[in-house]
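Architecture and fold: a report
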Amino acid sequence: MIRITDILDRVAENNPEADLDIIDRAYIFSARVHDGQIRLSGEPYLSHPLEVAGILAEMNLDPVSIAAGLLHDVVEDTHATPDEIEQTFGKEVLRIVAGVTKMSKLSFGSTLARQAESLRKMLLAMADDIRVILIKLADRLHNMRTLAFHKTDKRRQIARETLDIYAPIAARLGIYWIKNELENASFMYLMPDEYDRIKNSVSTDRTAREAYIEDVKGYLRNQMEEYQLNSEVLGRYKNYYSIYLKMVTQNLAFEDVYDIIAFRIILDTIPRCYEALGIVHSLWKPIDIKFKDYIARPKPNMYQSLHTTVIGPRGERVEIQIRTHEMDRVAKSGIAAHWSYKEGGKTDESIGKRFAWIQNLVENQENFANPDEFLENVRIDLYPDEVYVFTPQGDVKTLPKGATPVDFAYVIHTEVGNQCTGAKVNGRLVPLSHELVTGDTVDIVTSKNHKPSKDWLKFVKTVKARSRIRQWIKIQEKNRSLSLGREMCEKAFRKQRLNFTTLMKSDQMLEVVAHFGFKTVDDLIASVGYGKTTPLQVLRRFMPKPEEEAEEKSRETILDRLIGRVKKRKPSAGVLVKGLDDILIRFGKCCQPVPGDPIVGYITRGYGVTVHRANCVNALKMSPERQIDVAWTEETSETYPVKIVIVSYDRVGLLADIATSISKHEANIVSLNTTTKANELVESYLTLSVAGTGHLDRVLASLRKIHMVQDVRRLNR
């Protein structure tokens, strides 16, 4: 366990004038309130805040950040109060601690909702003070280092959240050493078989690779010295997760991944970087499409470097990065290398501008109340691949890879997006679904009377575009539902000789609105139009008691009205709709949910309820007003179809081994289709019948162990 003296020494070494007293007081306070608490590892709980503070000190953060790191859990896990923190350490420390503190003490409908709200709260605090996320990353990093002491399900849950949210945030902040460690640790717990396979493959020829690294480093160093360039040359292994991603995305065997080793040349000045690049290209033939100049065009997280891939000394591809010492420091620490606080707590304005994406991320998420939708869109916002395009005036706009002119239009302004009718890219008219690439100049054509199209949701890539389009669709649907709901209510009330228009303006109607949990009468009527509330439910609140009881016997449910005369499936479907079991259920063919998947239901007129996986792209495009709560039944004997793909090298007996493995785990093959690629890889697409996600995981794990199988994964559609 790290000691407080180690932390104080590190801070004093980085900044001799630092106020060490606040760190010392925070340590004493944390030790007192955490006294007697034990972590799952058996260590005193104090070891955790100390390790977090040690990581922050390693990142060269200020004393206030380190004090907040020592205190980050005291409000959530001890008897300490926010007032006590403020009185003892001041408002600045309290604000940071409050931003890091999770929302576990609040009541939410589900774990997912709690996770979404905790993340939303953290993002808001992060936009206000970047130190919140730096402490959260340090906290998550130490938790991942000690994750082995949790139960298997908890380990997978934490690892998935880390890979989806925290590793991308670390990358966007430019803190690559944390990003790499988080990815590797998550990979180890989420896919242990693949992790071990790549780890063992890297270790197999490690002695030969180490000798190769030393040879290339020595050769490069000599070449730099020959041209009188003072340099430092490094060689490193790529992290296991990035190797795995390359194998999966490019359908490569481990032996075909050329850049397992990367080299770095560090020099004094930018001109010398370009001189070194010329030397490297004169030594070995460069691969044109692999050259990237991040010095002239830095990444949004301030990362700068020259990246080139050449045909190296043994005829294989070699990746080489060239940068200055300052660029290397920024590449290691990201925003932490530049984040400096002046008197009064004001930050460096130039750094704030570079990280405007944080504020944009917060603004993009404001309109998403659904936790599934919110979490999915945060992941999209954190997607790292980007393109840089120009306005006709020459301003640069950053968009995610695959973005279209519609995404560009919404980046300019919401109204420009809403009124977009066409686009010119580099002076040429293109479809609105056209994918933009770096260097494009985009000119948007607008019309005042034009409105967004629902079809745009099929190709837009930015969260802002998607949210604005859905917002417009929601308004249109609400208007239609208001009209339909009013018509349905008037008809139901007229049968009981009641005037709905008059009752709408009564005080009793306000009580009915409150009873159903709505804010306005229009919201209640729109709910009737959407199908979430029936006219009879509203009517019964106005009927005398005897009539209400009589009506109860013949009342129809919300879904009776929607489904009409279609046949209803019994509960053998394995899904409950709001506790009802006599409802027509069908499963989305796009995502094929199976028991164990998080699911969501959508009311479909004439077809009952369609069940999708919670992260299904098609489900996210649907109106949230038609969403209804669904859950898997606890016991079901049914099996469910699921699509998988197996990537392997071709050999005799491959299909027989696959069929045997599937049969051994009592799964059934519904369909099978194989394709042999030019590189001798075989892609086998199968539809299996499985009982649930646990059953599927066992089947996939077994398939991965088959000789010459490179990858096995579930398909989303």
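Residues numbered from 1 in each chain as written. Predicted model: local features only at pLDDT ≥ 70, side-chain atom pairs only at ≥ 80, totals over all residues. Heavy atoms only, no water.

Here we look at the overall build of the chain
Along its length, the chain carries 31 helices and 20 strands. Here the chain holds 717 residues, and 50% of them are scored as buried. Accessible surface computed for the chain: about 35200 Å², of which carbon and sulfur atoms make up 49%. (Helix = DSSP H or I, 4+ residues; strand = E, 2+ residues; numbered from the N terminus. Buried < 20%, exposed > 50% of the residue type's maximum accessible area, 1.4 Å probe, protein only. Areas by Shrake-Rupley, 256 points an atom, 1.4 Å probe, with all protein chains shown as cover.)

Structural notes on the environment of Val389
Here Val389 lies in strand 6 (residues 386–390). According to the relative accessible area criterion, Val389 is buried, its value standing at 0%. Sequence separation of Val389 and Phe408 is 19 residues, and the distance between their C-alpha atoms is 8.6 Å. For Val389, the residues in contact, after removing those within four places along its chain, are Asp395, Val396, Lys397, Leu399, Phe408, Leu436, Val437, Asp440 and Val442. (Contact = heavy atoms within 4.5 Å.)

Details of the sheet that holds strand 3 (residues 292–293)
The strand order 1-2-5-4-3 describes an open sheet built from five strands, whose pairing is mixed. The sheet is open, and its two edges are formed by strand 1 (232–237) and strand 3, each paired on a single side. Pairing geometry for strand 3 and strand 4 (residues 306–311), over two bridges, is antiparallel. By the bridge assignment for strand 4, Asp293 is matched with Leu306. (Pairing = 2+ DSSP bridges.)

Points about helix 11 (residues 176–190)
The terminal C-alpha atoms of helix 11, which comprises 15 residues, lie 20 Å apart, in line with the 21 Å expected from a rise of 1.5 Å per residue. Where burial is concerned, most of helix 11 is hidden: eleven out of the 15 residues are buried. For helix 11, the set of buried residues is Tyr176, Ile178, Lys179, Leu182, Glu183, Asn184, Ala185, Ser186, Phe187, Tyr189 and Leu190. (Expected span 1.5 Å × (residues − 1).)

Quick word on the pattern of salt bridges
The full count for this structure, using the stated rule, is 17 salt bridges. A salt bridge links Glu214 to Lys217, with the shortest nitrogen-to-oxygen separation between them at 3.4 Å. With a gap of three residues between them, Glu214 and Lys217 both fall in helix 13 (residues 206–226), about one helical turn apart. Among the charged side chains, a salt-bridge network with shared partners connects Arg264, Arg323 and Asp328. (Salt bridge = Lys/Arg side-chain N within 4 Å of Asp/Glu carboxyl O.)

Comments concerning the packing of aromatic side chains
Counting across every chain of the model gives 15 aromatic pairs. Taking 5.0 Å as the distance between ring centres and 65° as the angle between the ring planes, the aromatic pair formed by Phe493 and Phe500 counts as edge-to-face. With a centroid separation of 5.6 Å and an interplanar angle of 85°, the aromatic rings of Phe587 and Tyr640 are classed as edge-to-face. A residue pair is termed long-range when its members are at least 10 positions apart, and Phe587 in strand 12 (residues 585–587) and Tyr640 in strand 17 (residues 640–649) qualify at 53 residues. Accessibility expressed as a relative area gives 3% for Tyr640, which makes it buried. Aromatic rings pair up to connect Phe187, Tyr195, Tyr240, Tyr241 and Tyr244 into one cluster. Over the ring of Tyr45 we find Arg39; its NZ or CZ atom is 6.0 Å from the centre of that ring. (Phe/Tyr/Trp six-rings, centres within 6.5 Å; stacked < 30°, edge-to-face > 60°. Lys NZ or Arg CZ within 6 Å of the ring centre and 35° of its normal.)

Some details on the sheet that holds strand 19 (residues 681–690)
Across the sheet, which stays open at both edges, the four strands sit in the order 18-19-17-20 with antiparallel pairing between neighbours. Two strands lie at the open edges of the sheet, namely strand 18 (668–676) and strand 20 (709–714), each paired on one side alone. Recorded for the sheet is a direction-independent mean angle of 15° between the axes of neighbouring strands. Strand direction decides the pairing type here: strand 18 and strand 19, joined by eight bridges, are antiparallel. Looking at the pairing, Ile669 lines up with Leu688 of strand 19. (Axes fitted to C-alpha atoms, helices over the stretch in contact; angles between N-to-C directions.)

Things to note about helix 13
Between the first and last C-alpha of helix 13 there are 30 Å, a value that for 21 residues agrees with the 30 Å anticipated at 1.5 Å per step. For helix 13, the complete set of buried residues consists of Arg209, Tyr212, Ile213, Val216, Lys217, Gly218, Leu220, Gln223 and Met224. Where helix 13 terminates, the next one or two residues include Gln228, which has phi positive at roughly 60°.

A short note on the confidence of the model for the chain
Looking at the chain as a whole, its pLDDT mean stands at 79, while 80% of the residues score no less than 70. Per-residue pLDDT, averaged within each element of the chain, yields its smallest value for helix 28 (residues 558–563) (49) and its largest for helix 15 (residues 270–283) (93). (pLDDT = per-residue confidence, 0-100.)

A few points about the nonpolar core
Formed by 99 residues in total, the largest nonpolar core has its most connected members in Val93, Ile198, Phe263, Val280, Ile320 and Ile322. Filtering out sequence-adjacent residues up to four positions away, Phe263 remains in contact with Tyr212, Ile213, Val216, Lys217, Leu220, Leu234, Gly235, Val318, Glu319, Ile320 and Gln321. (Core = buried A, V, L, I, M, F, W, Y, C linked by side-chain atoms within 4.5 Å.)

Structural notes on unusual backbone geometry
A negative phi holds for most residues other than glycine; trans holds for most peptide bonds. At Asn60, a residue that is not glycine, the phi angle is positive and equals roughly 60°. With respect to the secondary-structure elements, Asn60 resides in the loop between helix 3 (47–58) and helix 4 (63–71). We note that Gln228 has phi near 60°; this positive angle belongs to a residue other than glycine. Along the polypeptide, Gln228 turns up in the loop between helix 13 and strand 1.

Thoughts on a nonpolar patch on the surface
On the surface, Leu655, Ile669 and Leu672 cluster together into a nonpolar patch covering about 230 Å² of accessible area. Here Leu655 is to be found in helix 30 (residues 654–664). On the accessibility criterion, Leu655 (41% relative accessible area) is partly exposed. (Patch = residues over 30% accessible without salt bridge, like charges linked within 9 Å, V, L, I, M, F, W, Y side chains within 5 Å.)

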